[in-house]
Amino acid sequence: MGMPISIHVRSADVDSSTVARAVEEAFDIVREADRLFSTYQHNSEVSRIRRSELEPAQADPLVGQVITVCQQAGELTERAFTDHLPDDDGVLRFDPTGLVKGWAADRAASRLAGLQGASYCLNAGGDVVVGGAAVEDGSGPESIWRVGIEDPRDRSRIAEVVELHHGGVATSGTAARGAHLYNPATGTFVDRSGSITVVGPSLMWADIWATALFVGPASLINRFSEFADGYRVIRQ
Amino acid sequence: MRRIVFAILSTITTVVLLFSYHTSTNVASAASRTVAQLPATPAAPVSPGSASQPRSSTKSGSSAGTSSPANYTGAAANTRWGTVQVRITVQGGKISASQAVQYPQGTSRDAQINGSALPILNQEAVQQQSASIDTVSGATVTSGGYLQSLQSAIDQAHL
């Protein structure tokens, strides 16, 4: 299965080659991440690391960058975030997938941020990052993106709407894929209803915190309040 | 006010399916829960577009909407369960209906999946479009073919 990623650009001139090139380059960034990090592509660097065919230190610098962020995320969330997940046989293996999506989306979005007079919205499988140059010239209504937060109990409904000019919106829950979120503290997959959405400047960190708060202990919210400056939580 | 602003803008939508994700521990559940990602602008040009591939770009113009319904059929998408193809009906710039025109019918599991997944997809396509939102944040979507096919139909409609 793949993950759908869509990009929307609003501009008076979306037909221009400048916009087309930026969108294409944004997708190139995501494709590059897929090529390096996919656990489904046999020859991706992460797949090779998982088979111990490649030392992380010898991998692409971007892989090293992600490993560093994974370590930071583990420390900040008191290990509620983990980059070691059970494979099909239940063996814990290096798997930064949960973080790479937001990381790649933020990277792709930064390419779109350079477009003059345009605002953008990138949706990566339900996690959203928006922004754009239009913010700089007076925050007109065209730069506001209305992000609907899905109701996890009735996915045909929108539970709440978040309006933002710039930043990320990430939601973690079990509604779309069943019990797939892993709790490293118990070694089990979390199977409870509801969802947690985090809104903040970086989609990657919003996503890390959304997952950590969903799988972690209730007390983790104190850690979030202390360290996740500029981020807020929406519970459904 | 918002619509006036939209009328002088345009939207480019590009969809790509990447990042192979872990399947759920419950395959039937993963297959039956599907969310539709709808494109941004509720502006309303609905003249039938030429067929496009799911991964190609589509651009919407700024012409006014029309009230006569038009049908758009998405490109067939190959899923692990078989081929899925979705048709949407657009009226006045909004999706008024969506239906699967091609879907796996081989096994009892197919019947089970289709019995729950396709109505959910149809309902969501209509309800999310009618809400005044640009995009949806929710639990990670991996619905692959279902969405790919619906999205390509939407792209054709230049919603």
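Parameters at a glance
- Residues numbered from 1 in each chain as written.
- Chains lettered and ligands numbered in written order.
- Predicted model: local features only at pLDDT ≥ 70, side-chain atom pairs only at ≥ 80, totals over all residues.
- Heavy atoms only, no water.
- Helix = DSSP H or I, 4+ residues; strand = E, 2+ residues; numbered from the N terminus.
- Buried < 20%, exposed > 50% of the residue type's maximum accessible area, 1.4 Å probe, protein only.
- Contact = heavy atoms within 4.5 Å.
- Areas by Shrake-Rupley, 256 points an atom, 1.4 Å probe, with all protein chains shown as cover.
- Salt bridge = Lys/Arg side-chain N within 4 Å of Asp/Glu carboxyl O.
- Pairing = 2+ DSSP bridges.
- Axes fitted to C-alpha atoms, helices over the stretch in contact; angles between N-to-C directions.
- Parallel < 35°, antiparallel > 145°, perpendicular 65-115°, else oblique.
- Nonpolar A, V, L, I, M, F, W, Y, C, P; charged D, E, K, R; others polar.
- Phe/Tyr/Trp six-rings, centres within 6.5 Å; stacked < 30°, edge-to-face > 60°.
- Lys NZ or Arg CZ within 6 Å of the ring centre and 35° of its normal.
- Core = buried A, V, L, I, M, F, W, Y, C linked by side-chain atoms within 4.5 Å.

### Details of the overall build of chain A
Item 1. Looking only at helices and strands, chain A features six helices and 12 strands.
Item 2. The buried share of chain A, taken over its 236 residues, is 60%.
Item 3. Taking all contacts inside chain A whose residues are at least 6 apart in sequence as the whole, residues at least 24 apart take part in 58%.
Item 4. In the structure as shown, chain A presents an accessible area of about 9400 Å², 46% of it carried by carbon and sulfur atoms.

### Topic: the environment of Val-130 of chain A
Residues and elements named next belong to chain A.
Item 1. Structurally, the position occupied by Val-130 is in strand β5 (residues 127-132).
Item 2. Distance from Val-130 to His-165, taken between C-alpha atoms, is 6.6 Å for residues 35 residues apart in sequence.
Item 3. If we skip the residues at most four places from it in the chain, Val-130 touches Tyr-120, Cys-121, Trp-145, Leu-164, His-165, His-166 and Gly-167.

### Structural notes on the pattern of salt bridges
Item 1. Applying the stated criterion across every chain, the model contains nine salt bridges over all chains.
Item 2. Beyond isolated ion pairs, a larger network of salt bridges with shared partners links Glu-24, Asp-28 and Arg-31 of chain A.

### Quick look at the sheet that holds strand β7 (residues 135-137) of chain B
Item 1. Within the open sheet, the three strands sit side by side as β7(A)-β6(A)-β7(B). Their pairing is mixed. At either margin of the open sheet sits one strand with a lone partner, and together these are β7 (158-164) of chain A together with β7 of chain B. Geometrically, the sheet is characterised by an average inter-axis angle of 35° between neighbouring strands, direction not taken into account.
Item 2. Pairing of strand β6 (residues 145-150) of chain A with β7 of chain A involves six bridges; the strand directions are antiparallel. Of the residues in β7 of chain A, the one forming a bridge with Gly-148 of chain A is Val-161 of chain A.

### Thoughts on the environment of Val-63 of chain A
Residue and element names in this part refer to chain A.
Item 1. You can see Val-63 is positioned in helix α3 (residues 61-76).
Item 2. Residue class for Val-63 comes out buried when judged on its relative accessible area of 0%.
Item 3. A C-alpha to C-alpha distance of 9.1 Å links Val-63 and Ala-33, two positions 30 residues apart in sequence.
Item 4. Contacts of Val-63, omitting those with residues within four sequence positions, involve Leu-36, Phe-37, Glu-45 and Ile-49.

### A look at the packing of helix α1 (residues 17-37) of chain A against α3 of chain A
Helix packing geometry: the angle between the two helix axes and the distance between the axes.
Residue and element names in this part refer to chain A.
Item 1. Where α1 meets α3, the closest approach of the two axes is 10 Å, and the angle between their N-to-C directions is 80°. Judged by the inter-axis angle, α1 sits roughly perpendicular to α3. Contacts between α1 and α3 involve Glu-32, Leu-36 and Phe-37 from the former and Leu-62, Val-63 and Val-66 from the latter.
Item 2. Looking at the contact of α1 with α3, its residues break down into five nonpolar, no polar and one charged.

### A look at the packing of aromatic side chains
How two aromatic rings sit relative to each other is given by the distance of their centres and the angle of their planes.
Residue and element names in this part refer to chain A.
Item 1. Within this structure, the stated rule accounts for two aromatic pairs over all chains.
Item 2. Between Phe-37 and Trp-103 the ring centres are 5.4 Å apart and the planes differ by 70°, which places this aromatic pair in the edge-to-face class. With Phe-37 in helix α1 and Trp-103 in helix α4 (residues 97-112), the pair connects residues that are 66 residues apart, well separated along the chain. Across the pair, exposure class does not vary: Phe-37 and Trp-103 are buried alike.
Item 3. It is Arg-10 that lies over the ring of Trp-145; its NZ or CZ is 3.6 Å from the centre.

### Observations regarding the nonpolar core
All names here are of chain A.
Item 1. Counting 62 residues, the largest nonpolar core has Val-9, Phe-37, Leu-99, Trp-103 and Val-198 as the members making the most contacts within it.
Item 2. For this core, the leading source of residues is helix α5 (residues 203-215), giving 11 residues.
Item 3. Apart from residues no more than four positions distant in its own chain, Val-198 is found in contact with Gly-168, Val-169, Ala-170, Ala-206, Trp-209, Ala-210, Leu-213, Phe-224, Tyr-231, Arg-232 and Val-233.
Item 4. Listed in part, the 11 residues of the second largest apolar core include Val-147, Val-162, Leu-164 and Ile-234.

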